[in-house]
Protein chains: 2
Amino acid sequence: MGVTIKDVAKEAKVSIATVSYVINNKGNVTDETQEKVLKAVKKLGYQPNLSARNLVGQKSNLIGVLIPNWGNADRLSESSHDNFNFDNPFYGNILNSIETLSTKEGYSILLIGSTITADKVKNVILQRDLDGLIIIGALPKLIDNLSEIKIPIVLIDSYTKQEEFYKVGIDDEYGGYIATKHLLDLGHKEIGLISGELIEDGVDMERFKGYKKALLERNLPIKEENICNVGVSMEGGYYGIEKLLKQNQQLTAIFSTADIMSMGIYKKLNELKYKIPEDISIVSFDNFPYTEFLHPSLSTVSQSVFLKGRRATELLIDLIAGDRVDKQTLTLPIKLIKRDSVKRL
Amino acid sequence: MGVTIKDVAKEAKVSIATVSYVINNKGNVTDETQEKVLKAVKKLGYQPNLSARNLVGQKSNLIGVLIPNWGNADRLSESSHDNFNFDNPFYGNILNSIETLSTKEGYSILLIGSTITADKVKNVILQRDLDGLIIIGALPKLIDNLSEIKIPIVLIDSYTKQEEFYKVGIDDEYGGYIATKHLLDLGHKEIGLISGELIEDGVDMERFKGYKKALLERNLPIKEENICNVGVSMEGGYYGIEKLLKQNQQLTAIFSTADIMSMGIYKKLNELKYKIPEDISIVSFDNFPYTEFLHPSLSTVSQSVFLKGRRATELLIDLIAGDRVDKQTLTLPIKLIKRDSVKRL
DNA sequence: TTGAAAGCGCTAACAC
DNA sequence: GTGTTAGCGCTTTCAA
């Protein structure tokens, strides 16, 4: 242990209580003593020990960020690192957003990844005495396990109905709807869907609902051979489009529920000598920066990952501060960005 | 505060010392008492408070991960989120790698981003009593500030000569060399370089050295008009290639020191109706998963971000454990991946 | 084999 | 306005 409050007290020739008062701006301290203490603090390079502070019942000023489905389950094996499903920039982006505001507000981020099991999350919360938790893309099993926890929890991209959680997200069903409708408006009728696994309360399920809604609105059938559920990765898109193309040669357009999959779709179509959008149109979801840099640039539903992180953090910090927060669920705006991957039929 | 050791002691009808012995596997405890205690622990859902543990001089089991140049400095402004320079997947990937092993070894990750100033890093280390620190792409100023810190520090991608730090990286000069040599071997002579800012002890500087070395070996001049330093981002590449093309119409090839910039280069070349590799060849650096999915697929120097994170974490954990570590600097292998973005002249 | 008690660094109630 | 002190939850020495 380094410099403690005792050392400062000795140096400034005051009691440790006085030092505590000064560094916490509490109690009435003379300007003179204040200055003495501050000088000692500076001279010794004193930094209060947060463990000790935490122990006397203060906040930990620690926010946990949990990313349950980050990377592959088997990534602990070194030999598998070539398949490391690392590529979705979403997680890095949102982490950056969360960390930035948290730091500004005096919180530190405890990063909790996906190897941790649902019941161990609770342990970490208890052990580290987290002030709050943000969960990105929470799975139902995880959430069930956490409902008895008494710290504020904000869920990003979850559609759970459990009322004890605050939520930040977008209207994924609407996103799926406008993406599909865009295709329909341009005359497409045989529209394939490539999405991640349809998990209960997950975003892909909602985007799928939007897809169905748009088709049903035009009295178009939902054909099973037009739908393919894959991993949310480039590989997923790569193999998904191949499968779909085999199952239905009439396909003129694809709605891909994630940009990362669209990368793989592009590659496969290139290999197959399909031209985008001449032979097949694509609408995607996310509007990651790189979509503009693809050739042709990708039409996609735009969401702000930055704002998702920012709003979730704001909400959590308010909750920690005990500020009454009126809305349990915050839905951020999205819009369709029309670029060059779609043609009129 | 929740369940404490006292509660467990009461429940098990033993002293708190005995509980402590049991949960730490210390002292000699009868199987019988052990069982009593364990049962009480389970019944009450007890989790030891790490702050308290830490206070009695134990390890904090916290590893800091510092990402100094993550995103834009001005990203605190909401209006700037469209420019959010978020897109380099490198940081998310390496974080994932570090977090995975750390968790497995019983450490938690404290994420420290780029808004934090150099002197504040020291405060966090002291306040949270970090057991160790990993710094990704450390700037000299930051490192100078940290040299007096007594916890183990592992630097990823830094070429500082300061001996108190352990380092994990690749041979960036060699990478720049083989990339450029590949181009030279195929007959290219006018080779442009698009790289990030040439910062002291940084990777771009080394890759640039490799570029120079390869050219000099063939008695080719290093032309200033062939070199462009930009931000390591898609935009950087986008504007960099435009500038280079204007400055020298004879260019037949580009060495881009980061895949993320190559994305921008592809876009600009597409807009300009340059064909890759027919009109211009490109060799890049990183081998991010998406490079294989670009069209044409990108020839690039491959490094394992996964291993960088993994080895750095292993090293740090050994250091924390007090295990003598022989090598101060670990250099991981790289190799050139030849794909379709380069043609023989 | 188990327990009592000191003490880690700090805050806050209370006394002066 | 400043100091004394109890106590946060835990580990560990020492005694029994």
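Residues numbered from 1 in each chain as written. Chains lettered and ligands numbered in written order. Predicted model: local features only at pLDDT ≥ 70, side-chain atom pairs only at ≥ 80, totals over all residues. Heavy atoms only, no water.

**Some remarks on the domain arrangement of chain A**
Here chain A is described as being made up of domain 1 (5–55), domain 2 (62–170 + 305–332) and domain 3 (172–303). Domain 1 of chain A and domain 3 of chain A are separated by 61 Å when their C-alpha centres are compared. (Domains from an automatic or database assignment.)

**Some words on the sheet that holds strand E10 (residues 299–302) of chain B**
Residues and elements named next belong to chain B. The six strands lie next to each other as E7-E6-E8-E9-E10-E12, forming an open sheet whose pairing is mixed. Two strands bound the open sheet, and with one partner strand each, they are strand E7 (227–229) and strand E12 (335–337). The sheet shows a mean angle of 20° between the axes of neighbouring strands, taken without regard to direction. The pairing of strand E9 (residues 281–286) with E10 spans four bridges and is classified as parallel. Looking across to E10, one finds that Val283 is bridged to Ser299. Each of strand E6 (191–195), E7 and strand E8 (253–256) is contacted by helix H10 (residues 234–247), which is oriented at about 150° to E6, the strand it contacts most. (Pairing = 2+ DSSP bridges. Helix = DSSP H or I, 4+ residues; strand = E, 2+ residues; numbered from the N terminus. Axes fitted to C-alpha atoms, helices over the stretch in contact; angles between N-to-C directions. Contact = heavy atoms within 4.5 Å.)

**A word on the protein's contact with DNA strand C**
By nearness alone, 29 residues border DNA strand C, and Ile5(A), Tyr46(A), Arg53(A), Thr18(B) and Thr30(B) come closest of all. Considering DNA strand C, the proportion of its atoms within 4 Å of the protein that are sugar or phosphate atoms stands at 69%. Take Ser15(B): an N or O atom from its main chain is 2.9 Å from a phosphate oxygen of DNA strand C. Within the side chain of Thr30(B), an N or O atom sits 2.5 Å from a phosphate oxygen of DNA strand C. Elements supplying a minimum of two residues to the surface near DNA strand C: helix H1 (5–12), helix H2 (16–24) and helix H4 (50–55) of chain A together with helix H2 (16–24) of chain B. Residue contributions to the surface near DNA strand C peak at five residues, all from H2(A). (Near = heavy atom within 4 Å. Polar contact = N/O pair within 3.5 Å; in protein donor to acceptor, adjacent residues only side chain to side chain.)

**Here we look at the relation of the copies chain A and chain B**
With an RMSD of 0.0 Å, chain A superimposes on chain B once it is rotated by 180° and translated 0.0 Å along the axis. Such a combination of turn and shift is consistent with a two-fold rotation axis. Mapped onto chain B, 98% of the interface residues of chain A again fall at the interface, so both copies present the same surface. (Least-squares fit on C-alpha atoms with pLDDT ≥ 70 in both.)

**Observations concerning the packing of helix H1 (residues 5–12) of chain B against H2(B)**
Residues and elements named next belong to chain B. H2 packs onto H1 with a crossing angle of 100° between their chain directions and a minimal axis gap of 8 Å. Taken together, H1 and H2 sit at an angle that is classed as roughly perpendicular. Where H1 approaches H2, its residues Ile5, Lys6, Val8 and Ala9 are matched on the opposing element by Ile16, Val19 and Ser20. In the contact of H1 with H2, the residues fall into five nonpolar, one polar and one charged. (Parallel < 35°, antiparallel > 145°, perpendicular 65-115°, else oblique. Nonpolar A, V, L, I, M, F, W, Y, C, P; charged D, E, K, R; others polar.)

**Let's talk about the UniProt feature "domain: HTH lacI-type" (unreviewed entry) in chain A**
As recorded in UniProt, the feature "domain: HTH lacI-type" (unreviewed entry) lies at residues 3–57 of chain A. Helix makes up 67% of residues 3–57 of chain A and strand 0%, and the two end C-alpha atoms of the span are 22 Å apart. (UniProt positions renumbered as here; feature names shortened; annotations may be inferred.)

**As for the nonpolar core**
Generally speaking, soluble globular proteins have nonpolar side chains that are buried together. Ranked by size, the top nonpolar core spans 154 residues in total, and within it Ile136(A) and Ile136(B) carry the most contacts. If sequence neighbours within four positions are ignored, Ile136(B) has contacts with Val65(B), Leu66(B), Ile67(B), Pro68(B), Asn69(B), Phe90(B), Tyr91(B), Ile94(B), Ile98(B) and Ile156(B). In this structure, Leu133(A), Ile153(A), Leu133(B) and Leu142(B) belong to the second largest nonpolar core, which totals 42 residues. (Core = buried A, V, L, I, M, F, W, Y, C linked by side-chain atoms within 4.5 Å. Buried < 20%, exposed > 50% of the residue type's maximum accessible area, 1.4 Å probe, protein only.)

**Notes on the protein's contact with DNA strand D**
With respect to spatial proximity, 30 residues lie near DNA strand D, and among them Thr18(A), Tyr21(A), Ile5(B), Tyr46(B) and Arg53(B) are the closest. Considering the 4 Å shell around the protein, atoms of DNA strand D inside it are sugar or phosphate in 67% of instances. Here Tyr21(A) contributes a side-chain N or O atom positioned 2.6 Å from a base oxygen of DNA strand D. Between Ser20(B) and DNA strand D, the recorded distance is 2.9 Å, taken from a side-chain N or O atom to a phosphate oxygen. Of all the secondary-structure elements, those providing two or more residues to the surface near DNA strand D are H2 of chain A together with H1, H2 and helix H4 (50–55) of chain B. With five residues, H2(B) is the largest single contributor of residues to the surface near DNA strand D. Of the residues in the surface near DNA strand D, the class split is 16 nonpolar, eleven polar and three charged.

**Quick word on the packing of aromatic side chains**
Considering all chains together, one arrives at ten aromatic pairs over all chains under this definition. Taken together, a centroid distance of 6.0 Å and an interplanar angle of 90° make the contact between Phe293(A) and Tyr238(B) edge-to-face. With Phe293(A) in the loop between strand E9 (281–286) and strand E10 (299–302) and Tyr238(B) in helix H10, this residue pair bridges two chains. Comparing Phe293(A) with Tyr238(B), the two get one shared label, buried. Where Phe288(B) meets Tyr290(B), the ring centres are 6.0 Å apart and the plane angle is 55°; that geometry is what we call tilted. Both residues of the pair, Phe288(B) and Tyr290(B), belong to the buried class. Here Arg207(B) stacks its cationic end above the ring of Phe285(B), 3.6 Å away from the centre of that ring. (Phe/Tyr/Trp six-rings, centres within 6.5 Å; stacked < 30°, edge-to-face > 60°. Lys NZ or Arg CZ within 6 Å of the ring centre and 35° of its normal.)

**Notes on the pattern of salt bridges**
Summed over all chains, the structure comprises 26 salt bridges over all chains. Between Glu190(A) and Lys223(A) there is a salt bridge whose closest N-O contact spans 2.5 Å. Residue Glu190(A) is found in the loop between helix H8 (172–185) and strand E6 (191–195), and its partner Lys223(A) is found in the loop between helix H9 (203–217) and strand E7 (227–229); the two are separated by 33 residues along the sequence. With relative accessibility at 24%, the residue Lys223(A) sits in the partly exposed group. Residue Lys181(B) pairs with Asp185(B) through a salt bridge whose shortest N-O separation is 3.1 Å. Of the two residues, Lys181(B) and Asp185(B) are both situated in helix H8 (residues 172–185); the distance of four residues between them amounts to about one turn of the helix. The partly exposed category is assigned to Lys181(B), whose relative accessible area is 26%. Overlapping salt bridges bring together Glu242(A), Lys267(A), Lys268(A) and Glu271(A) as one network. (Salt bridge = Lys/Arg side-chain N within 4 Å of Asp/Glu carboxyl O.)

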